[in-house]
Amino acid sequence: MSNTSTAPSPFFRRLLSPLTRLRLANKLSFRRLTTTGALPEYVPPPATTEPLDWAELAIIDLSKANTPEGCKALAEEVVQAMNTQGFFYVINHGYTLEQTRRMFAIASSTFDDVDSEEKKIYMGKSPTVYEGYKPRQTWQIEQGVTDQIEHYNINHAVRERMHPHVLRSHLDEIENFARHNHTHILFTILRLMAMGMQLPEDIFVDMHRFEATGESSVRFMKYYPRSPEEEVQTKNVWLKGHTDIGSITILWSQPISGLQILSRDGGWRYIKHIENALVVNSGDVMQLLSGNFYKPTIHRVIQPPKDQERLERLGVFYFAMAADDVRLASVGAGAASKSEKAQAPTMSDWRKERTERYGTGSMRPSSKEEKVEEEVILGVVVKEYN
Ligand SMILES: O=C(O)CCC(=O)C(=O)O
Ligand SMILES: [Fe+2]
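Residues numbered from 1 in each chain as written. Chains lettered and ligands numbered in written order. Predicted model: local features only at pLDDT ≥ 70, side-chain atom pairs only at ≥ 80, totals over all residues. Heavy atoms only, no water.

This is how it is decided: UniProt positions are given in the numbering used here, feature names are shortened, and annotations may be inferred rather than shown by experiment.
Under the annotation held in an unreviewed UniProt entry, the chain carries the name Clavaminate synthase-like protein and is attributed to Lentinula aff. detonsa. What UniProt states about the chain under its Sequence similarities (unreviewed entry) heading is, verbatim, "Belongs to the iron/ascorbate-dependent oxidoreductase family."

Printed below as a string of structure tokens:
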């Protein structure tokens, strides 16, 4: 354990600002709990044996990014993957299976070992940001049916906020996890994407500084099985077809099937679980920054197949966003002019509007496309797919 300094005296504590006191309290209770904070082991359920229509995704071996030649080859693979499926797997990302299992155990405990009273204390306070718990039944899906998805969202500046007691002895691990997702996995992918557009290697990385204020977050997510009536009313859709709000989404592969991508031929295909792999996709922000070079792929979550139908579906994610003050203007071919850039929404404008409107039922049927609902947010058409 890295922090071994002694606690300040009560006199000294009174001189500290309330925020510093809060941070200190978090650190001190962390020190007390590390010796006692046991974590129940998490045993992942078996993968489905149903023959499903699987998407064929490229596998990007991140360990090859250690050499200039490796990077060049990977950049081409990423461009190719983005132009076909829009999703790809990442392997050799630097986390062992054991470390990954620990994160799932922490995620599981966040939902199962915290009672409803404590969950209320750590519930998000603002509709424009995902922070802490999002309880079930807050989003409209179809015919008045709401979601059965619980979140716990952790900003990448992990210790800036308080967390429920079960997490306090694991804050070091969560902090390392956020940093690893951001500065190793995300940054490598952003460099490959910049190279794939013949742009300076760090152009996207510089917009995603880890230290900058922003909403890149670790998210734990649990889907609960629904009633047969709700399955009928929503045509088995658990999370409607959408593109992601942010720049890059890193999904830590888990065995319960249900995630599908809308292929270019119009068919929905399942994403297959690969142990300790990542499933990566890019969102609206990369589309805006790349001037349409990297288009987001529509995806959704439906009821798991028969052999997993009654199981809870636990997920661990890293949702990356640019820093709050970054203007979402194209740096790609036909890059935005100075005045266009000055008018473009900032990351924070975009994230707030998108988050606030999500799941409120504000979308209207598209006049052009079947099964599509849409709305205009900050001048950009946002769609949902049924
Ligand atoms: O649960 C999943 O597999 C995907 C969730 C998702 O697409 C999202 O939260 O944006
Ligand atoms: Fe998504």
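Focus: the overall build of the chain
Note the threshold: Segments assigned H or I by DSSP are reported as helices when at least four residues long, segments assigned E as strands when at least two residues long, and all are numbered from the N terminus. Only C-alpha atoms enter the radius of gyration, while the globule expectation follows 2.2 Å times N to the 0.38, with N the number of residues. The buried label goes to any residue with under 20% of its type's maximum accessible area, the exposed label to any with over 50%, and the partly exposed label to all in between, with areas taken from a 1.4 Å probe on protein chains only. In what follows, residue pairs with any heavy atoms lying within 4.5 Å of each other are defined as contacts. All accessible areas in this document rest on Shrake-Rupley with a 1.4 Å probe, and a residue is counted as covered only by the protein chains that are shown. By the counting rule applied here, Lys and Arg register as positive and Asp and Glu as negative, while His and the ends of each chain are not counted. Charged groups are reduced to one reference atom each: NZ for lysine, CZ for arginine, CG for aspartic acid, CD for glutamic acid.
Each helix and strand in the chain was counted, giving eleven helices and 17 strands. Over its C-alpha atoms the chain spans a radius of gyration of 21 Å, differing by no more than 12% from the 21 Å that the globule rule assigns to 386 residues. The principal-axis extent of the C-alpha atoms belonging to the chain is close to 65 × 55 × 40 Å. Taken over 386 residues, the chain has a buried fraction of 54%. The contacts in the chain between residues at least 6 apart in sequence include a share of 73% that link residues at least 24 apart. Only carbon and sulfur atoms are counted for the fraction: they give 52% of the accessible area of the chain, which is about 18100 Å². Of the charged side chains in the chain, 46 are positive and 49 negative, and the gap between their average positions amounts to 5 Å.

Quick notes on the packing of aromatic side chains
Heads up, the rule is: Between rings of Phe, Tyr and Trp, where Trp is taken as its six-membered ring, a pair exists when centres lie within 6.5 Å; planes separated by under 30 degrees are stacked, by over 60 edge-to-face, and by other angles tilted. Definition used: whenever NZ (Lys) or CZ (Arg) falls within 6 Å of the ring centre and also within 35 degrees of the ring normal, the charge is taken to sit over that ring.
Under the criterion given, the structure shown has ten aromatic pairs. Summarising the aromatic geometry, the rings of F317 and F319 are spaced 5.4 Å apart at their centres and angled 25° between planes, so their arrangement reads as stacked. On the basis of relative accessible area, F319 is assigned to the buried category, the value being 15%. An aromatic cluster is present here, built from Y95, F177 and W252 joined pairwise through their rings. One cation-aromatic arrangement involves R300 over W268; the distance from NZ or CZ to the ring centre is 4.0 Å. In this structure, R313 is placed above the aromatic ring of Y223, and the distance from its NZ or CZ to the ring centre is 4.8 Å.

Remarks on the site of ligand 1
Which entries qualify depends on this criterion: Distances are taken per atom, and a residue is near a molecule or strand as soon as one of its heavy atoms is within 4 Å of it. As used in this structure description, the phrase polar contact means that two N or O atoms lie within 3.5 Å; if the pair is within protein, one of them must be able to donate a hydrogen and the other to accept it, and residues adjacent in sequence are counted only when both atoms belong to side chains. Throughout this entry, Asp, Glu, Lys and Arg are counted as charged residues, while Ala, Val, Leu, Ile, Met, Phe, Trp, Tyr, Cys and Pro are counted as nonpolar. The remaining residues, Gly among them, count as polar.
Looking at ligand 1, the residues that line it are M221, Y223, L239, H242, D244, L251, L259, H299, V301, R313, F317 and F319. Interatomic distance of 3.1 Å between a side-chain N/O atom of H242 and an oxygen atom of ligand 1. At 2.8 Å, a side-chain N or O of R313 approaches an oxygen atom of ligand 1. Considering ligand 1 on its own, with 290 Å² of exposed area, one finds that the protein chains cover 93% of that surface. Elements with a minimum of two residues in the shell around ligand 1: β7 (217–223), β8 (237–242), β13 (299–302) and β14 (313–320). Among the elements that make up the shell around ligand 1, the one with the highest residue count is β14 (three residues). Of the residues that constitute the shell around ligand 1, the class distribution is eight nonpolar, two polar and two charged.

Regarding the pattern of salt bridges
Note the threshold: Basic side-chain nitrogens of Lys or Arg form a salt bridge, by our definition, when they fall within 4 Å of a carboxyl oxygen of Asp or Glu.
Applying the stated criterion across every chain, the model contains 24 salt bridges. Between D53 and R269 there is a salt bridge, with the nearest N and O atoms lying 3.1 Å from each other. You can see D53 sitting in the loop between α2 (18–34) and β1 (59–61) and its partner R269 sitting in strand β11 (residues 268–270), a full 216 residues away along the chain. The class of D53 is partly exposed, set by a relative accessible area of 43%.

Examining the UniProt feature "domain: Fe2OG dioxygenase" (unreviewed entry) in the chain
In the numbering used here, UniProt assigns the "domain: Fe2OG dioxygenase" (unreviewed entry) feature to residues 214–322. With 11% helix and 39% strand, the stretch residues 214–322 has end C-alpha atoms that lie 7 Å from each other.

Here's the deal with helix α7 (residues 171–196)
Here is the rule: Multiplying 1.5 Å by the helix residue count minus one yields the expected span of that helix.
If you check α7, its first and last C-alpha atoms are 36 Å apart, about what 26 residues at 1.5 Å a residue would give, namely 38 Å. In the segment just after α7, Q198 is the residue with positive phi, at about 60°.

Things to note about the side chain of R159
As for its placement among the helices and strands, R159 is situated in the loop between β6 (149–155) and α6 (165–168). Judged by relative accessible area, R159 falls into the buried class, the value being 11%.

Focus: unusual backbone geometry
Unlike most non-glycine residues, N92 shows phi in positive territory, near 55°. Along the chain, N92 falls in the loop between β2 (87–91) and α4 (97–112). In the Ramachandran plot, K371 falls in the positive-phi region, its phi being about 60° despite a non-glycine side chain. Structurally, the position occupied by K371 is in the loop between β15 (364–365) and β16 (372–377). Assessed through its relative accessible area of 60%, K371 is described here as exposed.

Some details on the environment of D202
Among the secondary structure elements, D202 is positioned in the loop between α7 and β7. When the C-alpha positions of D202 and R191 are compared, they lie 5.9 Å apart, and in sequence the two are eleven residues distant.

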